[in-house]
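Chain and residue survey
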Amino acid sequence: MGLLPEPETPSLPSIISTVVPATSRGDKNPTFNLTYMDLLLKLHYIRPVYFFTSEAVQGLTTSDLKKPMFPLLDTYSHVSGRIRRSESGRPFIKCNDAGVRIAESHCEKTLREWFDEKKGLDYCAEGLVHDHVLGPDVNFSPLLFVKFTWFKCGGLSIGLSWAHVLGDAFSAFNFITKWSQILAGHAPPKSLHKPIPIESEFPPNQNITDENPISIKMARVVGEYWLGANDSDVATHTFHFTSNQLQRLVTASSKSKNSYFEIISAMLLKHIAHIRGEFGKRVVTICTNNNSGREANEVPNNGLVFSKVEADLESDISELARLIAEKKMIENHIMEKLVEKDEGKEDFIVYGANLTFVDLEEAEIYGVKLNGHKPIVANCTFRGVGDQGVVLVLPAAPEDNDGDNGRIATVSLPEKELNKLKDKLGEALSVL
């Protein structure tokens, strides 16, 4: 029962092929055990997209682009595996070399025409990332789709649909960066290091809550798919903050020293709360990367920290930013206990269960290079966002030769709220 919702933008027709690890494992088929955090995030999908000019892809064909994936999957063998369930019903990955899917499309627009149609700033993944979720038979569902879209001008976009059960956005970015390095002639890593368990990495001064977590909720799924059902039509838009605009925000919030992520989150929280008619105390979810121990050649993992922050919406942006920076209450351990109770058989929504702000500003999303060229634009969206919405804060493309860059905030909200947010930001900062 239940049908997948139609994508916001119809996908371009694609030719689908499969890439498997270069070295067959025969009948060995080792297993890859999923952590409780992996299982907690199983209804979500990470969708990075990268745009390259014709100069960056000169001389490259789709066949050339596929070749590095074969040796890369030797190292990341579980990425080409399939979901299975143990006798207890707990999901795991069978490393059976079933492969990842490659989609090739052609667009009759130039990159400039594409960006103009999107008003130059809404670099969302719709149409450039394969419409992919796990199910209805997860035993046969690929965990990763990579889509190459060739534009009329000779430019190229690369879009991933990465099942969050494999790892977080940092892991997805790292995977495609490794692919580009192999394409450039570098040898793939011989092996990957296992990450340090996240529980041991919490700084001793961090607050850890023992209360019921607000950062997740039980999900209604769409039929037999690993996808949560929504009550509202959730839409996505990307807002671009230039370095000058960010400096003005920092100056206006000079009471304390905050990151761009904290200031942008505080400002958007104020606007979204006003749109929703919310006043007084409001609890939001903050998702951050635990940087300590994160290595380039690390096994993909969900090494994220989910925290709740109680904010007084009557406070100014500076005070809200300070609360986001200093008053986070970590919920990972209590979230994982809920999954542990039934060995991952229950379904949860994380992003958008509560209004969620995700800090990706330290992510190396521009680490991907083709022929020595970085993408002119890169972005990331999440699929499976709940009705309360999510805000991703990422680095923007460099604005000048010194590498000075702003930030982008990719916001997924119920469509009516998102349209009002566009108006508010346009009035407040001339941000589109």
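Okay, so let's go over this structure.

Rules used in this analysis
Residues numbered from 1 in each chain as written. Predicted model: local features only at pLDDT ≥ 70, side-chain atom pairs only at ≥ 80, totals over all residues. Heavy atoms only, no water. Helix = DSSP H or I, 4+ residues; strand = E, 2+ residues; numbered from the N terminus. Buried < 20%, exposed > 50% of the residue type's maximum accessible area, 1.4 Å probe, protein only. Areas by Shrake-Rupley, 256 points an atom, 1.4 Å probe, with all protein chains shown as cover. Salt bridge = Lys/Arg side-chain N within 4 Å of Asp/Glu carboxyl O. Contact = heavy atoms within 4.5 Å. Pairing = 2+ DSSP bridges. Phe/Tyr/Trp six-rings, centres within 6.5 Å; stacked < 30°, edge-to-face > 60°.

Here we take up the overall build of the chain. The number of helices and strands found in the chain is ten helices and 19 strands. Each of the 432 residues in the chain was classed as buried or not, and the buried ones make up 56%. Here the chain displays about 18300 Å² of accessible surface, and carbon together with sulfur accounts for 49% of that area.

With that settled, consider the pattern of salt bridges. A complete count under the given rule lists eleven salt bridges for this structure. Here Lys-42 ties to Asp-347 by a salt bridge, and the two come within 3.2 Å at their closest N and O atoms. With Lys-42 in the loop between helix H1 (36-40) and strand S3 (45-52) and Asp-347 in the loop between helix H9 (332-341) and strand S15 (348-349), this residue pair connects regions lying 305 residues apart in the sequence. Residues Lys-42 and Asp-347 agree in their burial class; the two are buried. Salt bridges here are not isolated pairs; linked through shared partners, they connect Glu-319, Arg-322 and Glu-326.

Moving on to H9. Taken residue by residue, H9 has Asn-332, Ile-334, Met-335, Glu-336 and Val-339 as its buried positions. Along its buried surface, H9 packs onto H1, strand S13 (304-312), strand S14 (329-330) and S15. Directly beyond the C-terminal end of H9, a positive phi value near 55° is found at Glu-343.

Okay, the pairing of strand S19 (residues 405-414) next. Counted residue by residue, S19 has nine buried out of ten residues, so it is predominantly covered. With eight bridges joining them, strand S11 (residues 234-241) and S19 adopt antiparallel strand pairing. Counterpart to Ala-235 in the pairing with S19 is Leu-413. The pairing of strand S18 (residues 390-398) with S19 spans seven bridges and is classified as antiparallel. Bridge pairing in S19 links Leu-392 to Thr-410.

The next subject is the packing of aromatic side chains. Applying the stated criterion across every chain, the model contains eight aromatic pairs. With a centroid separation of 6.5 Å and 45° between ring planes, the pair formed by Phe-51 and Phe-151 is classed as tilted. In this pair, Phe-51 is assigned in strand S3 and Phe-151 in the loop between strand S7 (144-150) and strand S8 (156-163), connecting sequence segments 100 residues apart. The burial state of Phe-51 is the same as that of Phe-151; both residues are buried. Aromatic pair Tyr-76 and Phe-175: ring centres 5.1 Å apart, planes at 85°, arrangement edge-to-face. Of the two residues, Tyr-76 is situated in the loop between helix H3 (69-75) and strand S4 (82-85) and Phe-175 in helix H5 (residues 169-183); the sequence distance between them amounts to 99 residues. Exposure class is identical for Tyr-76 and Phe-175. Each is buried.

So, about the sheet that holds strand S5 (residues 91-94). Through backbone hydrogen bonds, the strands of a sheet pair up, either in parallel or in antiparallel fashion. Taken in spatial order, the three strands line up as S2-S5-S4 in an open sheet, and their pairing is antiparallel. Either end of the sheet is taken by a strand with one partner, and the two such strands are strand S2 (31-32) and S4. Where S2 and S5 come together, two bridges link them in antiparallel fashion. If you follow Thr-31 over to S5, its bridge partner there is Lys-94.

Further remarks concern unusual backbone geometry. Residue Gly-135 is joined to Pro-136 through a cis peptide bond whose omega torsion reads 0°. Locating Pro-136 in the fold gives a position in the loop between helix H4 (111-117) and S7. Even without being glycine, Asn-371 reaches a positive phi, approximately 50°. For Asn-371, the position within the fold is in the loop between strand S16 (356-359) and strand S17 (377-383).

Functional significance is not addressed by these values, which are geometric in nature.
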